[in-house]
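# Summary of structural features
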Amino acid sequence: MRTALFRRQEPSAPPALPEIETSTGSAGAAAWAAEHRDRVLAVVAEHGAAVVTGLGLRTVSDVETVFGQLGVRPARETEGFAARTPHADGVYSSVAWPAQQPMCMHHELSYAGRFPGLLLFACLEAPAAGGATALADAAAVREALPSEVVDRFEREGWLLSRAYHEEIGTSLAQAFGTTDRRAIDAYCRDHDIVTDWQPDGSLRTRQHRSAVVRHPGTGRRCWFNQIAFLNQWTMDPEVRAFLIEEYGLGGLPFNTSYGNGDSVAAGTVEQINKAYESHTVRRPWQAGDLMLVDNIRTAHSREPYEGARHVVVAMADPKRQASPVAQTRSAAI
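Computed from a predicted model, the values in this text were never measured in an experiment.

### Remarks on the overall build of the protein chain
- Assigned secondary structure in the protein chain consists of 9 helices and 19 strands.
- Counting all 333 residues of the protein chain, 54% fall into the buried class.
- Intrachain contacts of the protein chain at a sequence separation of at least 6 include 79% that bridge at least 24 residues.
- Total accessible area computed for the protein chain in this model is approximately 14,600 Å², and 50% of it derives from carbon and sulfur atoms.

Laid out in structure tokens, this is it:
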């Protein structure tokens with residue numbers, strides 16, 4: 001088996017781990033994970049991501065076994081912006097997203113009160129073309145953005161507005177695990193989400209989050225949000241026009257704004273996406289690969305693809321997000 005780091009282009013590629021000979025298949029992969037977990041997790045802590053090849057992962061059961069042997073705490077997904085199929089505690093399918101549409105750079109659940117600190121992606125079937133899970137260094141992205149963009153978002157935080165419709169987007173049951181209004185209200189109170197139930201029974205929410213957070217291990221300030229991905233200007237123009245005509249601007253399935261509620265200009269969204277692109281690294285998937293990603297330090301995306309693609313994600317190391325005010329005070333220290 002060859003184990004290699006996800007090679008970064010800036011500032012330089014880290015050295016590869018030595019080759020490790022072992023058998024393939026779930027039994028061999030589990031033994032390898034149990035023996036080398038500390039080493040691999042140390043690599044992720046140092047470099048922000050790692051790719052392990054040659055594990056021979058073929059089934060969701062293989063992924064569950066390796067996940068368990070790595071000894072990390074599973075994290076549960078709530079408030080997802082697209083549907084997933086749960087497979088086991090902390091193990092999910094990729095989100096339902098059209099193959100021909102890219103999924104922009106983001107940090108998993110960076111808008112939620114609780115989010116995973118570590119992600120594990122396992123490729124059980126590689127696409128015929130495209131479909132890479134690309135990565136970008138969040139600290140480098142923050143440093144590459146214009147200071148006026150970073151300063152305002154760091155000072156104010158950002159707002160995510162969501163509208164839950166039965167016809168489009170994520171349903172209440174998919175996002176909260178229930179349709180019971182009292183249970184949803186209780187969850188939202190506990191996670192600092194403002195609810196606004198509409199006369200037709202639908203729900204709109206707003207949540208105020210930090211745009212920049214300090215990495216707990218390195219102390220570096222990371223651009224940690226989904227400001228560009230979940231903004232109206234990232235939508236296909238025809239889809240955006242249809243949704244606004246159908247539901248109004250406030251009824252979009254999701255949209256982002258500055259912490260004080262001001263709209264984010266299309267040019268600002270473009271600046272953010274360009275900063276991501278300039279720091280993006282890509283590696284084509286091969287069946288059996290395992291990718292580990294520090295969810296705070298490293299943003300990820302999914303590129304368009306052709307053919308079948310079966311990538312499973314495991315979420316681990318749950319963390320609670322500090323308030324934007326606490327983050328601003330921390331940044332000033």
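### Focus on the pattern of salt bridges
- Tallying each qualifying case throughout the model produces 14 salt bridges.
- With its nearest N and O atoms 3.0 Å apart, the salt bridge here joins Glu143 to Arg220. With a gap of 77 residues between them, Glu143 in helix 3 (residues 138-144) and Arg220 in the loop between strand 12 (212-214) and strand 13 (221-223) connect regions that are remote in the sequence.
- Since its relative accessible area comes to 51%, Glu143 is described here as exposed.
- Classification of Arg220 as partly exposed rests on a relative accessible area of 36%.
- Note that Lys319 and Asp317 form a salt bridge whose closest N and O atoms lie 3.3 Å from each other.
- When salt bridges that share partners are traced, they join Arg73, Asp317 and Lys319 into one network.

### A word on the environment of Leu145
- Its place among the elements puts Leu145 in the loop between helix 3 and helix 4 (147-156).
- Assessed through its relative accessible area of 6%, Leu145 is described here as buried.
- Between the C-alpha atoms of Leu145 and Trp223, which are 78 residues apart in sequence, the distance is 9.5 Å.
- Once you skip the residues sitting within four places of it in the chain, Leu145 turns out to touch Val150, Trp223, Gln271, Ile272 and Ala275.

### Quick look at the sheet that holds strand 5 (residues 103-106)
- Reading across from one edge, 5-17-8-15 is the order of the 4 strands in this open sheet, with antiparallel pairing throughout. In this open sheet, the two edge strands, each paired with only one partner strand, are strand 5 and strand 15 (280-281).
- Across 2 bridges, strand 8 (residues 135-137) lies against strand 15 in antiparallel orientation. Looking across to strand 15, one finds that Leu135 is bridged to Val281.

### Here we look at a negative patch on the surface
- A cluster of like negative charges, contributed by Glu166, Glu167, Asp200, Glu245 and Glu246, occupies part of the molecular surface.
- Mapping Glu166 onto the fold places it in the loop between strand 9 (158-164) and helix 5 (172-176).

### Comments concerning the pairing of strand 2 (residues 49-52)
- Where burial is concerned, the two faces of strand 2 agree: the one with Ala49 and Val51 and the one with Ala50 and Val52 are both buried.
- Pairing of strand 2 with strand 16 (residues 290-294) involves 4 bridges; the strand directions are antiparallel. Across the sheet, the residue bridging to Val51 is Met291, located in strand 16.

### Examining the packing of aromatic side chains
- Applying the stated criterion across every chain yields a total of 8 aromatic pairs.
- Here Trp97 and Phe229 contribute two aromatic rings whose centre-to-centre distance is 5.6 Å and whose plane-to-plane angle is 65 degrees, an arrangement assigned as edge-to-face. In this pair, Trp97 is assigned in the loop between strand 4 (91-93) and strand 5 and Phe229 in the loop between strand 13 and helix 7 (237-247), connecting sequence segments 132 residues apart.
- Its relative accessible area of 4% is what places Phe229 among the buried residues.
- Judged by centre distance (4.5 Å) and plane angle (15 degrees), the rings of Phe153 and Tyr258 are stacked. Within this pair, whereas Phe153 is found in helix 4, its partner Tyr258 is found in strand 14 (residues 254-258), the two being separated by 105 residues in sequence.
- The exposure class assigned to Phe153 is buried, which follows from its relative accessible area of 0%.
- Ring pairing ties together the aromatic residues Phe81, Trp97 and Phe229, which thus form one cluster.
- Here the guanidinium or amino end of Arg152 rests over the ring plane of Tyr258, the centre of that ring lying 3.7 Å away.
- The ring of Trp233 has Arg240 lying over it, and the distance from NZ or CZ to the ring centre is 4.1 Å.

Rules and cut-offs
Residues numbered from 1 in each chain as written. Predicted model: local features only at pLDDT ≥ 70, side-chain atom pairs only at ≥ 80, totals over all residues. Heavy atoms only, no water. Helix = DSSP H or I, 4+ residues; strand = E, 2+ residues; numbered from the N terminus. Buried < 20%, exposed > 50% of the residue type's maximum accessible area, 1.4 Å probe, protein only. Contact = heavy atoms within 4.5 Å. Areas by Shrake-Rupley, 256 points an atom, 1.4 Å probe, with all protein chains shown as cover. Salt bridge = Lys/Arg side-chain N within 4 Å of Asp/Glu carboxyl O. Pairing = 2+ DSSP bridges. Patch = residues over 30% accessible without salt bridge, like charges linked within 9 Å, V, L, I, M, F, W, Y side chains within 5 Å. Lys, Arg positive; Asp, Glu negative; His and termini not counted. Charge placed at Lys NZ, Arg CZ, Asp CG, Glu CD. Phe/Tyr/Trp six-rings, centres within 6.5 Å; stacked < 30°, edge-to-face > 60°. Lys NZ or Arg CZ within 6 Å of the ring centre and 35° of its normal.

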